[in-house]
Amino acid sequence: MGQSRSIIAGLVASILLSSLALVDAGEAAAARKIARPRPKPSPPAKCEMPRFRIVVDVGHTPDSYGALSARNDPEFGFNFRLARLITAKLKSEGFAEARLLVTDGKARPSLFKRISAANQGRTDLFLSVHHDSVPDKLLETWEFDGAKSYFSDRFSGHSLFVSRQNPHFATSLMLARMIGRQLKEQGLRYASQYTLPVMGRYRRQLLDKDVGVYRYDGLIVLSRTRSAAVLLEAGSIINRDEEMELNSAERHEAVAGAVAAAMREFCETR
Ligand SMILES: [Zn+2]
C-alpha cells in the first residue's frame, strides 16, 4: 500500500496542473451556502470526436484524499488510476482532446479554483471520477494488516450524478444516461441506496431508475462548470469485495470502455 501510494504521488507530481481540490460529499452542504454567481454557459455541445473536449477530473487531491477504502487505501489513488485509463481510452478511440485534470492542495481553500481550471478554454464535457463509501454510521470494524479498519459490505455498485443548476443540464443528463446504459451492458449494477432514508443528507432523487442517474444540484463541480458535467462514482471502496474488483484490470477496462462507448454514441447522435 505504501509503495503504491508513493508511485501514485510521483506520477501525480509530474502532471499537477494547479493546487486545486474537489468538494467532498461531506463538504457539499457547506459549499451550498456560498453565494454563487451563475456560470456563463458555453455554446451547446456539438460533437466532432477529434475536437470534442472531455476533461476527466480526478476527484480529490493527495492531501485531501476523499474516502478511505476497507483496506485503508485513499480514494484519490483509485480515482487517479481509473481517470488516467479513461483518458487514455478516449484518446485511443479518437477523442484526441481528452485530458486528465489532476489537482493538489487542501480541499477548502482551493474549491473554486478547480472550477476555474475546468472553465478555462473550451470544454464540452467535465467528467469527475470518484469512488464511493457510506455514511459513517454504517461503518463496521475489522482488522486488516494488523490495524483496526472500517468497512461496510451492505451496498455496492457505481452511480452517476448530474445537477439541475448546470447550464447544460439536459445534455449532462443525456450523457450520464448513456454512460449508465453502457455500464449496465458491461454487466455492472448501479448503487440503489441513495434513495433510502438511511442515507440521511446523502439521499438523492433518482432521475433514471434503469441505469442509476441521480440528481445532485448542490455539488459545486456539477453546478459551477460551464460545460455539461457528470460525476461518476465508479464503485464502493468501503465494500471489501468490490474494493478488490475496483483494483482489477477487468473492472478498469469495463468502466473505461463504457465511458468511451457512451461518448461515441453521443457523437453519433449529434
Ligand atoms: Zn469522492
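Please refer to the structure higher up on the page.
Residues numbered from 1 in each chain as written. Predicted model: local features only at pLDDT ≥ 70, side-chain atom pairs only at ≥ 80, totals over all residues.

### Regarding the overall build of the chain
Our working definition: Strands are runs of DSSP state E lasting at least two residues, helices are runs of H or I lasting at least four, and both sets are numbered from the N terminus onward. Put simply, a residue is buried when 20 or more other C-beta atoms lie within 10 Å of its own C-beta and exposed when 12 or fewer do; between those, it is partly exposed, and each C-beta is set from the backbone.
For the chain, the helix and strand inventory stands at eight helices and nine strands. Expressed as a percentage of its 270 residues, the buried residues of the chain come to 48%.

### Side note on the packing of helix 5 (residues 169–185) against helix 8 (residues 249–268)
To keep things clear, this is the line we draw: Lines fitted to C-alpha atoms define the axes, with helix axes restricted to the stretch in contact, and inter-axis angles between N-to-C directions lie between 0 and 180 degrees. Comment on the angle field: the value is read as roughly parallel under 35 degrees, roughly antiparallel over 145, roughly perpendicular from 65 to 115, and oblique elsewhere. The handedness criterion is simple: a crossing whose near helix is rotated anticlockwise from the far helix by less than a right angle is left-handed, and one whose near helix is rotated clockwise is right-handed. Placing a C-beta atom from the backbone of each residue, one calls two residues in contact when those atoms lie within 7 Å.
One way to put it is that helix 5 packs onto helix 8 with a least axis distance of 8 Å and a crossing angle of 135°. On the basis of the axis angle, helix 5 is oblique to helix 8. Between helix 5 and helix 8 the crossing geometry is right-handed. Across from L175, M178, I179, Q182 and L183 in helix 5, the residues of helix 8 making contact are V255, A258, V259, A261, A262, E265 and F266.

### Points about the pairing of strand 3 (residues 125–132)
Worth spelling out the cut-off: Each pair of strands is called paired provided DSSP finds at least two bridges between the two strands.
Counting buried residues along strand 3, eight of its eight residues qualify, which places the element largely inside the surrounding structure. Where burial is concerned, the two faces of strand 3 agree: the one with L125, L127, V129 and H131 and the one with F126, S128, H130 and D132 are both buried. Taken together, the five bridges between strand 1 (residues 54–58) and strand 3 define a ladder with parallel strand orientation. Within the sheet, the bridge partner assigned to D57 lies in strand 3 and is S128. Note that strand 3 and strand 9 (residues 228–236) share seven bridges and pair parallel. Bridge pairing in strand 9 places L127 opposite V230.

### Some words on helix 3 (residues 75–92)
As a reminder, the rule being used: For a helix, the expected span equals 1.5 Å multiplied by the residue count minus one.
Over its 18 residues, helix 3 extends 26 Å from the first C-alpha to the last, a length consistent with the 26 Å expected when each residue adds 1.5 Å. Most of helix 3 is tucked away: 14 of the 18 residues are buried. Immediately downstream of helix 3, the backbone of G94 shows phi near 110°, a positive value.

### A look at the sheet that holds strand 7 (residues 205–208)
If you walk across this open sheet you meet the seven strands as 2-1-3-9-6-8-7, and the pairing is mixed. Single-partner strands in this sheet number two, and they are strand 2 (99–101) and strand 7. When strand polarity is set aside, the average angle formed by the axes of neighbouring strands in this sheet is 30°. Here strand 1 pairs with strand 2 via three bridges, running parallel. The partner of V55 across the bridge, within strand 2, is R99. Across the sheet, helix 3 lies against strand 1, strand 2, strand 3 and strand 9, angled at about 140° from strand 3, the strand it touches most.

### Some points on the pairing of strand 4 (residues 140–144)
By the bridge criterion, five bridges tie strand 4 to strand 5 (residues 147–151) in an arrangement that is antiparallel. Among the inter-strand pairings, E143 is bridged to a residue of strand 5, identified as K148. The antiparallel hairpin formed by strand 4 and strand 5 contains two residues in its connecting segment, where D145 sits at a positive phi of about 55°.

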